[in-house]
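Here is what each chain is made of, one letter per residue.
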Amino acid sequence: MFETFDATLLARMQFAFTVSFHIIFPAFSIGLASYLAVLEGLWLWKKQVVYLELFDFWKTIFALAFGMGVVSGIVMSYQFGTNWSVFSDKVGPVIGPLMGYEVLSAFFLEAGFLGIMLFGRNRVGPGLHFFATLMVAVGTLISATWILSANSWMQTPQGFAMNDKGQFIPADWWAVIFNPSFPYRLVHMVLAAYLTTALVVGAVGGLHLLRRTAPLRAGTMFSMAMWMLTIVAPIQIFAGDQHGLNTLEHQPVKVMAMEGHYQSHPDGAPLILFGLPNHAEQRIDYAIEIPKLSSLILKHSLDAPLKGLDTVPRELQPPVPIVFWSFRIMVGLGFAMLGLGLWSLYCRWRRRLYTSEWLHRAAMIMGPAGFVAVLAGWVTTEVGRQPYTVYGHLLTANSVSPIAAAAVGSSLVAFIIVYFLVFGAGTFYILRLMSRLPRDPSGDLGEGPIRTAGITPAPHAATLPAGGRHGH
Amino acid sequence: MVIDLPFIWAAIIAFAVLAYVILDGFDLGVGILFPLFPEKRHRDVMMNSVAPVWDGNETWLVLGGGGLMAVFPLAYATILPALYAPIIAMLLGLIFRGVAFEYRWRTGRAQYLWNWAFAGGSFMAALAQGIALGALVQGIPVANRAYSGGWWDWLTPFSIATGLAVVIGYALLGSTWLVMKTTGDLRDKARSLSYIAALATLAAMGVFSLWTPFLEPLYLNRWFSWPTAIFSVIVPLLVLGCFWLLLTGLKNNRDSRPFLAALGLFILGYAGIGISFYPYIVPTSVTIWDAAAPDESLGFLLVGALILVPLILAYTSYAYWVFRGKVDPEEGYH
Ligand code: HDD
Ligand code: HEM
Ligand code: HEM
């Protein structure tokens, strides 16, 4: 059944499929873990029940998303061995220890305190419970740091030597970890996770503001999410720009593919907004372009020369159309996020944040945008690195396990079926939880007066009767 | 003095795998026993008894696997392709049972589906791990730094037998865990199951011990020639000692002792396998020194392991301590 495919292509498809599913969950849970820590901190500090209620609401959703992140992640860590054994043997000495540190410093931390965070509220004091939430949040960030260092090393490798067995061996760990693209990728990805979460929280807040059933809680989360978005979206655009400049320095071919520059431009390259990449003919059809703008963005000079893909042999070019489109999707969504943030700022200024139904609808439509942008960004990064796994040093074709196409093909089919079933069901449960606010009847506590007095969240004095609420 | 980093790392990885086997062993065991407890109130308590700790338990698997890539890349790169099908089956099983912990509480109508996912996934993961163990013990041929055997080599009567043995052993860990953590009729039922599982485990260990030496001359020599033959006397004696503790613990209602004794059985069985293997990491093709990454990698990660592993053990014990004692059936989910 799989004879017509080659094992390398199937292994690539399997990796792309499983990692794309995996990244969806961390992108959400990194941001949500931090959000939960903030909510619990606010609750301990201000003693307003609304924060505790929001904490409990999002905690249940977090538990689901986190569980899916864990099981899809375990698949990733074994897949290097099953499908990319040659890669693992050669590169293991360098990126293996980075992933080892990820397990030791992050995964255990998250897992160890997750149980206390989810189930331990009435077994440990509030202070310790908050500590557990903080540890989970810190754990997700440490995890992102190590895995992105490993990935960045594959993009911009340095600090290594080769031994006689053909293995990459570490020569300078500092140089390996702090490789040139790592700081940019770390900042860009963590901001992306925060944006993704802000958009989801904003969408849920918007939905419930429209429904008018729980205006205090919906309003509080909506306002928090919109602040996050307004502040982080511009920073992310700036960070992305810096990231791109860095990529131009270290992986110029990837930037050529993102920009769609098949030709070299000795005196100022145009910025191609849209067009249809024609990879066979090595040109962009129907290009809509702004003259010289690309040179201005990338080189800060209108007439700066920029090399194109005509300087790169065909077999060393990445698949340009994919990179070209995924990059535009990400950037387009980035500006849409900025737009939503600015609109919310305007409404806030005009005191319509909680009443502008169009804003709430827009926030709901933008709910999934973070996930799409994250996936598009990773596709840009990873497909743009092709045909290498370790940029400039190890070809993808030389990384794959000596394994039969039938074996990879059947496991790929199994993963596709299981992932759609299992994560489809999980997504359904998450969406259902999101649409049920309040989930708990005691959640109405103290909301009556607010509803009649208008729906602007006001400082809310009601505190919980001792022991009135448990973690379940 | 030259420090033998590969040897130290072999010990750390062996510890991680052992920690995985006994820790995830009991929570997989609880899943394996699920079909024998049809009542919902029992199942809720069973699930709650492991829900706060299963993720930490499974992290040892990530350390065992991910750590192998870092410190013994050649072993990682040959064992996993050789065991391709069982590994994939294990991963799929772990997905089903892992998500069931949360999904099961999110639905009434489809709860039976996630009960099956929990039981079936646990069973599949345990069976696949056992088959993988058997296939490893049989030996894995390696040539030119790559697996050189066939795609079905892992499937033999021996590996099927080890697969079933691991399922039985995990069931014992699970049932004694339930004796320790639960009350009432649930505990009583787990107690009667523990007797059966204990006998079956002892039988499985016996079959395994008699079968293994005849697979491979190395193992035969290890167990029947001086001085290592000493272990052939000591290990079985200790096994019988643990077995006795287990049975008397069950009989005298000392509810924690059976679980601890079952852990002892696992540790002894594991030590026995280690004695057979040494110094190979991929029997009988690759030794720990052939497979080891360069000292720069081993040393760098060792610094972290020496600091972080004690910390991990400390806060993991704390997490277990927070949830100590019998599970209160009234205490619901989060
Ligand atoms: C530490 C390593 C690492 C990390 C953190 C990531 N990747 Fe990656 N990725 C690889 C290591 C890798 C790889 C092993 O190097 C692959 C396998 C095949 C290949 O060409 O590179 C790869 C391929 C690969 C491909 C297929 C490219 C192709 O074959 O054309 C896609 C679409 C992604 N990855 C997507 C992602 C996403 C969405 C990630 C976000 C989590 C991600 N990668 C993180
Ligand atoms: C190919 C690359 C990757 C591998 C092999 C991998 C591996 C894993 C594994 C094994 C787990 C489960 C840990 C546990 O048992 O608790 C996990 C979870 C996680 N991973 Fe990944 N991962 C990869 C990519 C990424 C990336 C790119 C990020 C973030 C930028 C990331 C962030 C996380 C986080 C935050 C978790 C915790 C669970 C969650 O939040 O959903 N991972 N990963
Ligand atoms: C609008 C302005 C943006 C610009 C100019 C930009 C720029 C870039 C560039 C150049 C890369 C590829 C870097 C490389 O491979 O070397 C990248 C990757 C990525 N982008 Fe963006 N980006 C923008 C917005 C966003 C947004 C809004 C998100 C998500 C919410 C996002 C998420 C990502 C992710 C997850 C990656 C892959 C990881 C990485 O390489 O950092 N980006 N971005």
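Residues numbered from 1 in each chain as written. Chains lettered and ligands numbered in written order. Predicted model: local features only at pLDDT ≥ 70, side-chain atom pairs only at ≥ 80, totals over all residues. Heavy atoms only, no water.

- If you look chain B up in an unreviewed UniProt entry, it shows as Cytochrome d ubiquinol oxidase, subunit II from Neorhizobium galegae bv. officinalis.
- According to its UniProt record, chain B has this under Sequence similarities (unreviewed entry): "Belongs to the cytochrome ubiquinol oxidase subunit 2 family."
- According to its UniProt record, chain B has this under Subcellular location (unreviewed entry): "Cell membrane". (UniProt positions renumbered as here; feature names shortened; annotations may be inferred.)

- Taking an unreviewed UniProt entry as the reference, chain A is identified by name as Putative terminal oxidase subunit I belonging to Neorhizobium galegae bv. officinalis.
- Per UniProt, the comment on chain A under Sequence similarities (unreviewed entry) is "Belongs to the cytochrome ubiquinol oxidase subunit 1 family."

## Details of a nonpolar patch on the surface
Residues and elements named next belong to chain A.
Next, step 1: Among the surface-exposed residues, Leu273, Phe274, Leu276, Tyr286, Ile288, Ile290 and Trp325 lie close enough to one another that they form a single nonpolar patch of about 710 Å² accessible area.
Next, step 2: Counting residues per element, the ones that place at least two in the nonpolar patch are β3 (271-278) and β4 (283-290).
Next, step 3: Along the polypeptide, Ile290 turns up in strand β4.
Next, step 4: For Ile290, a relative accessible area of 35% corresponds to the partly exposed category. (Patch = residues over 30% accessible without salt bridge, like charges linked within 9 Å, V, L, I, M, F, W, Y side chains within 5 Å. Areas by Shrake-Rupley, 256 points an atom, 1.4 Å probe, with all protein chains shown as cover. Salt bridge = Lys/Arg side-chain N within 4 Å of Asp/Glu carboxyl O. Helix = DSSP H or I, 4+ residues; strand = E, 2+ residues; numbered from the N terminus. Buried < 20%, exposed > 50% of the residue type's maximum accessible area, 1.4 Å probe, protein only.)

## Side note on the coordination of the iron atom of ligand 3
For a metal bound by four donors in a tetrahedral arrangement, the ideal donor-metal-donor angle is 109.5 degrees, while six donors in an octahedral arrangement ideally sit at 90 or 180 degrees.
Residues and elements named next belong to chain A.
Next, step 1: Within the first shell, the iron atom of ligand 3 binds the protein through His188 (NE2) and Met330 (SD), at distances of 2.0 to 2.3 Å.
Next, step 2: Around the iron atom of ligand 3 sit 6 donor atoms; with metal-centred angles ranging over 79 to 179°, the donor geometry is octahedral. A residue pair is termed long-range when its members are at least 10 positions apart, and His188 in helix α6 (residues 182-211) and Met330 in helix α10 (residues 320-349) qualify at 142 residues.
Next, step 3: According to the relative accessible area criterion, His188 is buried, its value standing at 17%. (Donors = N, O, S within 2.8 Å, 3.2 Å for Na, K, Ca; no water. Tetrahedral: all angles 85-135°; square planar, octahedral: opposite > 155°, others 65-115°.)

## What about the interface of chain B and chain A?
Next, step 1: Across the boundary between the two partners, chain B contributes 61 residues, which contact 74 residues of chain A.
Next, step 2: In total, chain B and chain A occlude about 6,300 Å² of area from one another, counting both sides; carbon and sulfur atoms represent 74% of this.
Next, step 3: Between chain B and chain A we count 1 salt bridge in total.
Next, step 4: When the shortest N-O distance is used, the salt bridge between Asp89(A) and Arg145(B) registers 2.9 Å.
Next, step 5: At the junction of chain B and chain A, the tally comes to 17 residue pairs in polar contact (both at pLDDT 80 or more).
Next, step 6: In terms of residue count, helix α13 (residues 295-322) of chain B provides more of the side of chain B that touches chain A than any other element does, 14 residues in total.
Next, step 7: Among the residues making up the side of chain B that touches chain A, the classes are represented as 43 nonpolar, 9 polar and 9 charged. (Contact = heavy atoms within 4.5 Å. Buried area = accessible area lost by both parts, 1.4 Å probe. Polar contact = N/O pair within 3.5 Å; in protein donor to acceptor, adjacent residues only side chain to side chain. Nonpolar A, V, L, I, M, F, W, Y, C, P; charged D, E, K, R; others polar.)

## Things to note about the coordination of the iron atom of ligand 2
Next, step 1: Only one protein atom coordinates the iron atom of ligand 2: His22(A) (NE2), located 2.2 Å from the metal.
Next, step 2: By secondary structure assignment, the location of His22(A) is in helix α1 (residues 7-46).

## Some thoughts on helix α2 (residues 40-50) of chain B
Residues and elements named next belong to chain B.
Next, step 1: Summarising burial for α2: 9 of the 11 residues are buried, a large majority.
Next, step 2: Of the residues making up α2, those classed as buried are His42, Arg43, Asp44, Val45, Met46, Met47, Asn48, Ser49 and Val50.
Next, step 3: If you follow the buried residues of α2, they end up packed against α1 (5-33), α3 (54-71), α5 (84-103), α6 (111-138), α7 (157-181) and α8 (184-211).

## Considering the site of ligand 2
Next, step 1: The environment of ligand 2 is made up of 26 residues, and the closest members are His22(A), Ser29(A), Gly69(A), Gly73(A) and Met76(A).
Next, step 2: Those chains with residues close to ligand 2 are chains A and B.
Next, step 3: Within the contact set of ligand 2, a nitrogen atom lies 3.0 Å away from a side-chain nitrogen or oxygen of His22(A).
Next, step 4: In this structure, an oxygen atom belonging to ligand 2 sits 2.4 Å away from a side-chain N or O atom of Ser29(A).
Next, step 5: Among the elements that line the shell around ligand 2, the one with the most residues is helix α2 (residues 49-83) of chain A, at 8 residues. (Near = heavy atom within 4 Å.)

## Structural notes on the pattern of salt bridges
Next, step 1: Counted according to the given criterion, the structure contains 19 salt bridges over all chains.
Next, step 2: Notably, a salt bridge pairs Glu53(A) with Arg217(A), separated by 3.4 Å at the nearest N-O pair. With Glu53(A) in helix α2 and Arg217(A) in helix α7 (residues 215-250), the pair connects residues that are 164 residues apart, well separated along the chain. The two residues Glu53(A) and Arg217(A) agree in class, both being buried.
Next, step 3: Here Glu102(B) and Arg106(B) are joined by a salt bridge, their closest N and O atoms 3.9 Å apart.
Next, step 4: We classify Glu102(B) as buried; its relative accessible area is 8%.
Next, step 5: The exposure class of Arg106(B) is buried, given its relative accessible area of 14%.

## Observations regarding empty space enclosed by the protein
Next, step 1: For the structure shown, the criterion picks out 6 cavities of 30 Å³ or more.
Next, step 2: In this structure, the second largest cavity spans a volume of roughly 150 Å³.
Next, step 3: Surrounding the second largest cavity, 17 residues form its lining, Leu114(A), Leu118(A), Ala51(B), Trp54(B) and Glu102(B) being those nearest its centre.
Next, step 4: Those elements that place two or more of their residues in the lining of the second largest cavity are α2 and α3 (85-119) of chain A together with α3 and α5 of chain B.
Next, step 5: Ranked by the residues each element gives to the lining of the second largest cavity, the list is headed by α3(A), at 5 residues.
Next, step 6: Per-class residue counts for the lining of the second largest cavity are 12 nonpolar, 3 polar and 2 charged. (1 Å grid on protein atoms, 1.4 Å probe; cavity = no way out; pocket = protein on both sides within 12 Å on 5 of 7 lines; lining within 4 Å. Points joined across faces, edges and corners; volume = space filled by probe spheres on them.)

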